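The lines below spell out each chain.
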Amino acid sequence: MPNNQGTTLQDRLRQLPSVDELLKHPDIHDLLSGVARKIVVDSVREVLEEARRHLLSPHEHPLAAVPSISELVQRASVLCAQKNAFTLHPLVNATGIVVHTNLGRSLLAEEAVQRLQVVCRSYSNLEYDVAKGRRGSRYVHAEAILREITGAEAALVVNNNAAAVLLVLNTLAKGQEVIVSRGQLVEIGGSFRIPDVMAASGAILREVGCTNRTHLYDYERAIGERTRLLMKVHCSNYRLVGFTAEVALEDLVRLARRHNLLVAEDLGSGSLVDVSPVGLPQEPTAQQAVRAGVDVVTFSGDKLLGGPQAGIILGRKEIIALCKKNPLTRALRVDKMTLAALEATLRLYRDEPTAWRRIPTLAMIARPLASLKDQALQLAQRIREAVGITSMNVQVMESFSQVGGGALPERNLPTYVVAVSSQRWSANQLEKFFRANNPPIIGRIESDRFLMDVRTLQNGDPDIIVQAFARLATEEPQ
Ligand SMILES: *Cc1c(COP(=O)(O)O)cnc(C)c1O
């Protein structure tokens with residue numbers, strides 16, 4: 001079968017090396033020191049199969065030439081690196097969204113990371129009461145410090161706040177009615193909707209009031225035979241503005257007491273510190289909910305609190321005891337890594353200035369504008385030097401960061417961003433280029449410019465960004 005190069009197909013197929021031959025190539029052999037043999041062999045095999053396939057289908061691949069050994073080695077190395085890469089890996093968050101749900105939410109404090117290592121490298125008293133020499137409970141570990149910090153009678157930590165809400169509703173109100181304002185029937189994202197969680201828990205939702213206004217008498221009129229719980233849900237990711245009214249937690253508590261009902265609050269982000277001193281609107285804290293006399297309050301461990309993923313339930317002793325007895329708790333339980341990181345994070349709250357300094361989520365929110373500006377100007381200068389004299393326009397601009405994680409949705413964290421535009425690269429092409437970097441750099445596009453907010457950059461991130469720009473200067477837009 002002659003072809004355009006005057007050799008037969010059989011000849012050309014024979015020119016391809018064997019798997020073993022390629023494996024002996026020094027470059028491939030070197031890979032074996034850092035990569036599992038199976039991954040290297042699979043990569044070599046796939047590259048050879050692909051080359052064979054191309055040669056065998058001249059209609060689909062009319063120009064397929066027999067690849068050289070170095071070409072095959074090169075392709076196998078690339079494939080091998082892809083196969084060997086972690087699927088969960090770090091990246092650069094240049095979005096300015098501090099608690100970015102898609103990018104891993106809160107970063108752990110160094111103290112929490114170290115504690116994780118200490119506890120996970122060793123056996124521990126996870127479920128062992130050392131003083132008594134018998135089986136203990138994993139739930140004691142975070143409970144003492146949660147009580148100390150919040151003033152709650154008791155506490156329980158579960159897998160996340162969605163689990164906490166589900167557990168509380170299932171424990172306290174299965175088959176009974178829970179009254180919630182229509183203005184608080186929120187969807188948090190990732191299909192967490194209050195009405196759906198309510199249904200999954202077996203509790204019966206009783207909506208009251210209007211979207212924009214709910215009054216105490218709305219709750220009062222809805223109380224009936226089957227009512228068990230009055231529930232308040234933090235609106236988190238949206239804000240009611242204009243002609244609005246909500247009932248204060250204290251008033252709900254008074255009403256519930258009169259009717260022998262319970263009050264639960266889902267705080268969502270649930271800060272342990274007042275965030276208003278750094279220029280944010282007042283967010284209700286967990287301590288305030290406890291002081292208001294709520295029977296049970298739930299919030300996330302990895303939103304404003306700045307710890308590991310967890311759902312924290314604070315409440316009266318009898319209620320937490322009921323939750324602990326619920327068989328669902330076993331299914332929603334946290335592991336020792338969560339408890340280790342959470343305890344270490346919570347200890348930082350014993351001294352509020354320490355919490356603001358050491359917990360990355362709080363520290364990023366509190367960064368002074370002047371320091372953000374300095375960092376943005378420095379980064380912009382380094383980028384200009386890296387790209388040299390090109391058509392790239394690198395500017396520092398005022399903008400807004402977001403707390404994220406559903407907390408404080410408005411534009412109220414002024415920041416500085418480095419904005420890049422170019423005649424050669426569209427904003428979309430820039431975004432794609434940086435997203436394809438290793439590690440990926442995630443920014444945002446605004447008015448046809450690629451924006452990087454310095455607020456969420458970590459140590460070392462500016463170097464990664466500058467290197468990516470140096471590479472950009474030598475490449476063509478794709
Ligand atoms: C975020 C949020 C949740 C879910 O918390 P997770 O920790 O993500 O499970 C539930 N309720 C509210 C109001 C929230 O903001």
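Quick caveat, the model's predicted, so the values are computed rather than measured.

What counts as what
- Residues numbered from 1 in each chain as written.
- Predicted model: local features only at pLDDT ≥ 70, side-chain atom pairs only at ≥ 80, totals over all residues.
- Heavy atoms only, no water.
- UniProt positions renumbered as here; feature names shortened; annotations may be inferred.
- Helix = DSSP H or I, 4+ residues; strand = E, 2+ residues; numbered from the N terminus.
- Contact = heavy atoms within 4.5 Å.
- Near = heavy atom within 4 Å.
- Polar contact = N/O pair within 3.5 Å; in protein donor to acceptor, adjacent residues only side chain to side chain.
- Nonpolar A, V, L, I, M, F, W, Y, C, P; charged D, E, K, R; others polar.
- Core = buried A, V, L, I, M, F, W, Y, C linked by side-chain atoms within 4.5 Å.
- Buried < 20%, exposed > 50% of the residue type's maximum accessible area, 1.4 Å probe, protein only.
- Domains from an automatic or database assignment.
- Pairing = 2+ DSSP bridges.
- Axes fitted to C-alpha atoms, helices over the stretch in contact; angles between N-to-C directions.

Some points on the UniProt feature "modified residue: N6-(pyridoxal phosphate)lysine" (unreviewed entry) in the chain
And then number 1: If you check UniProt for "modified residue: N6-(pyridoxal phosphate)lysine" (unreviewed entry), the listed places come out as Lys 303 in our numbering.
And then number 2: Residue placement: Lys 303 occurs in the loop between β12 (296-300) and β13 (311-315).
And then number 3: Look past the residues within four positions of Lys 303 in its chain and what remains in contact with it is Val 99, Arg 105, Ser 106, Ile 188, Gly 268, Ser 269, Thr 361 and Gly 405.

Here we look at the site of the ligand
And then number 1: With respect to spatial proximity, the complete set of residues near the ligand consists of Arg 105, Asn 160, Asn 161, Ala 162, Ile 188, Phe 192, His 234, Ser 236, Asp 266, Gly 268, Ser 300 and Lys 303.
And then number 2: In the environment of the ligand, an oxygen atom lies 2.8 Å from a nitrogen or oxygen atom belonging to the side chain of Arg 105.
And then number 3: The contact in question runs from an oxygen atom of the ligand to an N or O atom on the side chain of Lys 303, over 2.8 Å.
And then number 4: Taken together, the residues that form the shell around the ligand break down as three nonpolar, six polar and three charged.

Section: the nonpolar core
And then number 1: Ranked by size, the top nonpolar core spans 57 residues in total, and within it Leu 230, Phe 299, Leu 314 and Tyr 349 carry the most contacts.
And then number 2: The two domains that each donate at least three residues to this core are domain 2 (92-99 + 366-472) and domain 3 (110-358).
And then number 3: Ranked by size, the runner-up nonpolar core spans 32 residues in total, among them Ala 163, Ala 164, Leu 167 and Leu 332.

Here we look at the sheet that holds strand β18 (residues 449-453)
And then number 1: Strands sit in the order β2-β14-β15-β18-β17 across an open sheet of five strands; the sheet is mixed. With one partner strand each, in any of the chains shown, β2 (97-99) and β17 (444-446) form the two edges of the open sheet. Across the sheet, the axes of successive neighbouring strands diverge by a mean angle of 40 degrees, strand direction being ignored.
And then number 2: Direction of pairing for β2 relative to strand β14 (residues 392-404): parallel, over a ladder of two bridges. Pairing of Val 99 across the sheet is with Gly 404, part of β14.
And then number 3: Taken strand by strand, helix α19 (residues 427-435) contacts β14, β15 (413-422), β17 and β18, and its axis lies near 45 degrees from that of β18.

Points about the sheet that holds β12
And then number 1: The strand order across the open sheet built from seven strands is β5-β13-β12-β11-β10-β6-β9, with neighbouring strands paired in mixed fashion. In this open sheet, the two strands that pair with only one neighbour each are β5 (154-158) and β9 (204-208). When the angles between neighbouring strand axes are averaged without regard to direction, this sheet yields 25 degrees.
And then number 2: Bridge analysis of β5 against β13 gives five bridges, and the strand direction is antiparallel. Note on β13: the bridge partner recorded for Val 157 is Ile 312.
And then number 3: Set on the sheet, helix α9 (residues 194-201) makes contact with β6 (177-181), β9, β10 (227-233) and β11 (262-268); between it and β9 the angle comes to about 145 degrees.
And then number 4: Taken strand by strand, helix α13 (residues 317-325) contacts β5, β11, β12 and β13, and its axis lies near 30 degrees from that of β5.

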